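Each chain is listed here by its residues.
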Amino acid sequence: MVCLGNDWDSILAEEFKSPYYLKIREFLKSEYSSRTIFPPMHDIFNALKYTSFENTRVVILGQDPYHEVGQAHGLSFSVKKGVKIPPSLVNIYKELHDDIGMEIPSHGELTSWARQGVLLLNATLTVRHGQANSHQKIGWATFTDNVIKHLNKSTRPIVFLLWGGNARSKKAFITNKNHLVLESVHPSPLSAYGGFFGCKHFSKANEFLEKTGQAPINWNSVNE
């Protein structure tokens, strides 16, 4: 039984009982026992554990977890301290520097954002070692689609940062006009120069939060 320790438990209770989720669960039992899967099993739902539904103010959607040893820990784009900062996060930091003047951090752990209400959610929550998108079709899309649908119903205005095709496909579920959707290409080295650099999503997110009576995100908390 999944226990998230906050309001997501009741919101997603039916989800965790649904036939499609039970199929995911059975598939993952086999995968974790026979292959190397990331993140570690107890970290799969860290995004939802760190950031409750009630506290979610910004959503940053990733594709799927990092697929090399020691990287993924259940938060999109984040790696634990001591792990080399992946190229996509390097580019996120570059945009933060150019957008708000933030000093480039020495590590890639983004838990300080998650604790402030930034839901760092991947569209797919697990992956095989060295095989990007290997779990893309096992049912996670349905699960994360439904997470977004629940967030869409929130009375709190939320900023959705959708970077790249996988994330932008979720836009169809964000119909509440109280929310702000900001889109760009993915921050990976292959696409960042096509519109991610210069998007100013971090300052725009904070402007929206302040306009709607909410505290801005302290993006610089990564350096504190």
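In case you missed it, the structure is sitting above this.
Structural notes, computed from the coordinates. (Residues numbered from 1 in each chain as written. Predicted model: local features only at pLDDT ≥ 70, side-chain atom pairs only at ≥ 80, totals over all residues. Heavy atoms only, no water.)

1. Side note on helix α8 (residues 201-211)
Note the threshold: Burial classes: relative accessible area under 20% of the type maximum marks a residue as buried, over 50% as exposed, and values in between as partly exposed (1.4 Å probe, protein chains only). Each helix is a run of DSSP H or I of at least 4 residues and each strand a run of E of at least 2, with the numbering of both proceeding from the N terminus. Contacts are assigned to residue pairs with any non-hydrogen atoms lying within 4.5 Å of each other.
What α8 keeps buried is the set His-201, Phe-202, Ser-203, Ala-205, Asn-206, Phe-208 and Leu-209. Looking at the buried residues of α8, the elements they touch are β2 (58-62), α4 (87-100), β5 (159-163) and β6 (180-184). Count one or two residues on from α8 and you reach Gly-213, which has phi positive near 80°.

2. Re the pattern of salt bridges
Stated precisely, the cut-off is as follows: By definition, a salt bridge exists where a carboxyl oxygen of Asp or Glu is found within 4 Å of a side-chain nitrogen of Lys or Arg.
Within this structure, the stated rule accounts for 7 salt bridges. Linking Glu-31 and Arg-35 is a salt bridge whose minimum nitrogen-to-oxygen distance equals 3.3 Å. The class for Arg-35 is partly exposed, based on a relative accessible area of 41%. Each of Glu-31, Arg-35 and Arg-128 takes part in salt bridges that share partners, so that together they form one network.

3. Some remarks on the sheet that holds strand β3 (residues 118-122)
Using the following cut-off: By definition, two strands form a pair when at least two bridges between them are found by DSSP. The angle between two axes is taken between their N-to-C directions and runs from 0 to 180 degrees, where each axis is a line fitted to C-alpha atoms and a helix contributes only its stretch in contact.
Taken in spatial order, the 4 strands of this open sheet run β3-β2-β5-β6, and their pairing is parallel. What marks the edges here is a single partner per strand, and that holds for β3 and β6. Each strand axis lies, on average, 15° off the axis of its neighbour in the sheet, ignoring direction. Strand direction decides the pairing type here: β5 and β6, joined by 5 bridges, are parallel.

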